[in-house]
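Here are the chains, one letter per residue:
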Amino acid sequence: MKSVYDVFRERGFIEQITDESQIRELLEQKSVTCYIGFDPTAASLHIGSLVPIMSLAHMQRHGHRPIALVGGGTALIGDPSGKTEMRQILTREQIDHNAHCLQKQLTSYLEFGDGKAVLLNNADWLTRLNYIEFLRDIGRHFSVNRMLTAESYRIRLETGLNFIEFNYMLLQAYDFLHLFKHHGCQMQMGGNDQWGNMVAGIDLIRRVEGKTAFSMTFPLITTSQGHKMGKTEKGTVWLDAELTSPYEYYQYWINTEDADVGRFLALFTFLPMEEISVVKTLTDARLNMAKAVLAFEATKITHREKAAVGAFYETTQLFGYRPVEKGLFPSSTIPRPDVIGTIGGALPALTLAASGIVSLPIERRRLDEGIPAFELFHEAGLCPSRGEARRLIAQGGGYVNDRQIGAFDEKIGLPDADEKGEIRLRKGKKRYVILSVR
């Protein structure tokens, strides 16, 4: 059986580790306690937090004990890591509210209680520290010269680093020491921008306790186009259904760029790697099937299966069902054609002609007033985003019935349908979608 270390390595989670052989040996043990911190700077986490969250879920699935640490104390200071300017200082009331929301949100991914995952708030110990005692007992172990070599501080020195932020490394290191002493936590994990803080915690444990601790960082995920994860034209993609609906969440994933599908399936779903590996051989319509699986599985993890099914069917109201070929992703629970009638009513299935042209149904009422071309190209799956659809059409790459579309917001409607009730969309020279008016 694979250890969780093997899972992390093959799925692309690992960026830096303190000692590979020791961590591999550690994670092959029956149960190891690890932790990741989440600062409550907002009332919800966003997609950028998913890699750390998924790592804790993998740890739990392999019998280890994860600690999800909400930073109610450190949020009072503000983490300078990865920031070019000081974070906004929040009130204690705002932080307490955000911390409560995050604690509730994390229960969607981890099972707490009964010796399983542990949920803590570092305000419980950091806000009780005596400053003089902290400086004497903890601060004396830190070298200012060494701290200034940390990337998070070095970058900020160019724009200005204030004293309150300078203390953040000490507090995060103290968190690790506290969890090591009181909860048997041997490893800290998190984003790669936290490496300096993690190493400081390991060094503090060695100096105070005379023992060894470990750290592992994850890559800061960007798309293949270099875009930051979780950012769209509409703003941040939140994990809270009140801020980003399950439908919007599903749409974010189904519009994943082609080059990212396999990587995101590995990071953001629990599907077996043996199934995910097939993605590198897929193109066109079959790759779109993989995107549908990614969207469904990712939405199911964050919002539960009922919401994922709802988002799936809300999407298919316009363009029908995106099936998965039998055996392509057998572990996915995305609805199959044979169960459509039992969940949400009978819907037409997407069909693939021998030529590879995709035929999708579209409701007549939506075409009465016409639909802007860029929206239609995006919804039909010809472009992963509306922005790309605008660019494609503006550059002359969009066609309707083999006629080049003149403007990205040109309306496409019933007059464009032929005698068979079909509208033929084309991207470039080879990618087609036929809309069948119903």
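Now for a look at the structure at hand. (Residues numbered from 1 in each chain as written. Predicted model: local features only at pLDDT ≥ 70, side-chain atom pairs only at ≥ 80, totals over all residues. Heavy atoms only, no water.)

**So, the overall build of the protein chain**
1) Next: In terms of regular secondary structure, the protein chain is built from 18 helices and 16 strands.
2) Next: Classification of the 438 residues of the protein chain by burial places 52% in the buried group.
3) Next: For the protein chain, restricting intrachain contacts to residue pairs at least 6 apart in sequence, the fraction spanning at least 24 positions comes to 73%.
4) Next: Summing over all exposed atoms, the protein chain offers an accessible surface of approximately 20400 Å²; the carbon and sulfur share of this is 49%. (Helix = DSSP H or I, 4+ residues; strand = E, 2+ residues; numbered from the N terminus. Buried < 20%, exposed > 50% of the residue type's maximum accessible area, 1.4 Å probe, protein only. Contact = heavy atoms within 4.5 Å. Areas by Shrake-Rupley, 256 points an atom, 1.4 Å probe, with all protein chains shown as cover.)

**Some remarks on the packing of aromatic side chains**
Within a pair of aromatic rings, the relevant descriptors are the distance that separates the centres and the angle that separates the planes.
1) Next: Counted by the stated rule, this structure contains twelve aromatic pairs.
2) Next: Taken together, a centroid distance of 6.1 Å and an interplanar angle of 70 degrees make the contact between Tyr249 and Trp253 edge-to-face. Placement of both Tyr249 and Trp253 in helix α12 (residues 246–254) is noted, with a separation of four residues, approximately one turn of the helix. Each member of the pair, Tyr249 together with Trp253, is buried.
3) Next: An angle of 50 degrees between the planes, with centres 5.0 Å apart, marks the rings of Trp253 and Phe268 as tilted. With Trp253 in helix α12 and Phe268 in helix α13 (residues 261–268), the pair connects residues that are 15 residues apart, well separated along the chain. In this structure, Trp253 and Phe268 share a single accessibility class: buried.
4) Next: Through pairs of rings, three or more aromatic residues link up here, namely Tyr249, Tyr252, Trp253, Phe264 and Phe268.
5) Next: Directly above the aromatic system of Phe270 lies the positively charged group of Arg61, at a separation of 3.6 Å from the ring centroid.
6) Next: The side chain of Arg426 reaches across the aromatic face of Tyr399, ending 4.0 Å from its centre. (Phe/Tyr/Trp six-rings, centres within 6.5 Å; stacked < 30°, edge-to-face > 60°. Lys NZ or Arg CZ within 6 Å of the ring centre and 35° of its normal.)

**Observations concerning the environment of Tyr252**
1) Next: Within the secondary structure, Tyr252 sits in helix α12.
2) Next: Taking the C-alpha atoms as reference points, Tyr252 and Gly230, separated by 22 residues in sequence, lie 8.2 Å from one another.

**Let's talk about the sheet that holds strand β5 (residues 185–191)**
1) Next: The sheet built from six strands is open, its strands ordered β1-β6-β5-β2-β3-β4 with mixed pairing. The sheet is open, and its two edges are formed by β1 (16–17) and β4 (118–121), each paired on a single side.
2) Next: As defined by bridge partners, β1 adjoins strand β6 (residues 214–218) across two bridges and the pair is classed as antiparallel. Within β6, the position partnered with Ile17 by the bridge is Met216.
3) Next: Against the sheet, helix α2 (residues 20–27) touches β1, β5 and β6, its axis set at about 95 degrees to β6. (Pairing = 2+ DSSP bridges. Axes fitted to C-alpha atoms, helices over the stretch in contact; angles between N-to-C directions.)

**A word on the packing of helix α1 (residues 4–11) against helix α3 (residues 50–61)**
1) Next: Close contact between α1 and α3 brings their axes to 9 Å; oriented N to C, the two are set at 145 degrees. The way α1 lies across α3 gives a crossing that is right-handed. Between α1, through Val4, Val7, Phe8 and Arg11, and α3, the contact on the second element is made entirely by Ser55, His58 and Met59.
2) Next: For the contact of α1 with α3, the per-class residue count stands at four nonpolar, two polar and one charged. (Left-handed = near helix turned anticlockwise from the far one by under 90°. Nonpolar A, V, L, I, M, F, W, Y, C, P; charged D, E, K, R; others polar.)

**So, the nonpolar core**
1) Next: Counting residues in each nonpolar core, the largest one holds 73 residues, and the members touching the most others are Phe38, Ile47, Met187, Met189, Met216, Trp253 and Leu265.
2) Next: Per-element accounting of this core gives the leading share, 15 residues, to helix α15 (residues 284–319).
3) Next: With sequence-adjacent residues up to four places away left out, Met189 is seen in contact with Phe8, Cys34, Tyr35, Ile36, Ser55, Leu56, Met59, Met198, Met216 and Phe218.
4) Next: The next biggest cluster of nonpolar side chains, apart from the first, holds 31 residues, and it includes Ile67, Tyr168, Met169 and Ile205. (Core = buried A, V, L, I, M, F, W, Y, C linked by side-chain atoms within 4.5 Å.)

**Overview of helix α10 (residues 168–183)**
1) Next: Given a rise of 1.5 Å per residue, 16 residues ought to cover 22 Å, and the 22 Å separating the end C-alpha atoms of α10 matches this to within 8%.
2) Next: Backbone geometry just after α10 places Gly184 at a positive phi near 65 degrees. (Expected span 1.5 Å × (residues − 1).)

**Things to note about a nonpolar patch on the surface**
1) Next: Together, Tyr131, Ile132, Leu135 and Phe163 give the surface a local cluster of nonpolar side chains, amounting to about 440 Å² of exposed area.
2) Next: At three residues, helix α6 (residues 131–137) tops the list of elements feeding residues into the nonpolar patch.
3) Next: Topologically, Tyr131 is positioned in helix α6.
4) Next: Residue classification places Tyr131 among the partly exposed residues on the basis of a relative accessible area of 46%. (Patch = residues over 30% accessible without salt bridge, like charges linked within 9 Å, V, L, I, M, F, W, Y side chains within 5 Å. Salt bridge = Lys/Arg side-chain N within 4 Å of Asp/Glu carboxyl O.)

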